[in-house]
Amino acid sequence: MLAVVGVTVAALLGALVSARLGALAVAATLAIAGTWRAVAPRATHAAGIAVRSKSLDVFMYFATAAAIAFLALTVPYLG
């Protein structure tokens, strides 16, 4: 549920404030989901964000968050 709220807030920020802020909010949401997946004791405690093995999920969440944050901060004229 928190991931859905995070993506919704990111979409609103991207549409109403700036694309850069929306992209950074998406990156933050992915980082939070990766952290939650890393510290959740079992996959049932991370329902909705547990897709594969824990280590692969955590890596993919953090790698995607880092890539989106990097692009949001380096792409010119993003707003």
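What counts as what
- Residues numbered from 1 in each chain as written.
- Predicted model: local features only at pLDDT ≥ 70, side-chain atom pairs only at ≥ 80, totals over all residues.
- Heavy atoms only, no water.
- Helix = DSSP H or I, 4+ residues; strand = E, 2+ residues; numbered from the N terminus.
- Buried < 20%, exposed > 50% of the residue type's maximum accessible area, 1.4 Å probe, protein only.
- 1 Å grid on protein atoms, 1.4 Å probe; cavity = no way out; pocket = protein on both sides within 12 Å on 5 of 7 lines; lining within 4 Å.
- Points joined across faces, edges and corners; volume = space filled by probe spheres on them.
- Nonpolar A, V, L, I, M, F, W, Y, C, P; charged D, E, K, R; others polar.
- Contact = heavy atoms within 4.5 Å.
- Core = buried A, V, L, I, M, F, W, Y, C linked by side-chain atoms within 4.5 Å.
- Expected span 1.5 Å × (residues − 1).
- Salt bridge = Lys/Arg side-chain N within 4 Å of Asp/Glu carboxyl O.

(A) A look at the environment of Tyr-77. Along the chain, the position of Tyr-77 falls in the segment after α3 (54-74). According to the relative accessible area criterion, Tyr-77 is exposed, its value standing at 85%. Measuring from C-alpha to C-alpha, the distance between Tyr-77 and Ala-19 comes to 9.7 Å, with 58 residues separating the pair along the chain.

(B) Geometry of the layout of surface pockets. Empty space within the largest pocket amounts to approximately 240 Å³. Lining the largest pocket, in full, are Met-1, Leu-2, Ala-3, Val-4, Thr-29, Ile-32, Ala-33, Trp-36, Ala-46, Ala-47, Gly-48 and Ile-49. If you list the elements that add at least two residues to the lining of the largest pocket, you get α1 (2-16) and α2 (19-39). No other element matches α2, which puts 4 residues into the lining of the largest pocket. Among the residues forming the lining of the largest pocket, the class breakdown is 10 nonpolar, 2 polar and no charged.

(C) Representation of the side chain of Thr-29 within the structure. Considering the arrangement of structural elements, one finds Thr-29 in helix α2. Sequence-distant contacts of Thr-29, defined by excluding residues within four places in its chain, comprise Ala-3, Gly-6 and Val-7.

(D) Region of the structure containing the nonpolar core. Within the largest apolar cluster, 7 residues are counted, these being Leu-30, Ala-33, Ala-40, Ala-46, Ile-49, Tyr-61 and Ala-65. Residues contacting Ala-33, with those up to four places away along its chain left out, are Ile-49 and Tyr-61.

(E) Structural context of α3. In this model, α3 (21 residues) spans 30 Å end to end at C-alpha, consistent with the 30 Å of a helix rising 1.5 Å per residue. The secondary structure elements touched by the buried residues of α3 are α2.

(F) Highlighting the pattern of salt bridges. Summed over all chains, the structure comprises 1 salt bridge. The partner of Asp-57 in a salt bridge is Arg-37, with the nearest N and O atoms 2.9 Å apart. With Asp-57 in helix α3 and Arg-37 in helix α2, this residue pair connects regions lying 20 residues apart in the sequence. Per residue, the accessibility class of Asp-57 equals that of Arg-37, and both read buried.

In short, shape yes, function no, at least from these values alone.
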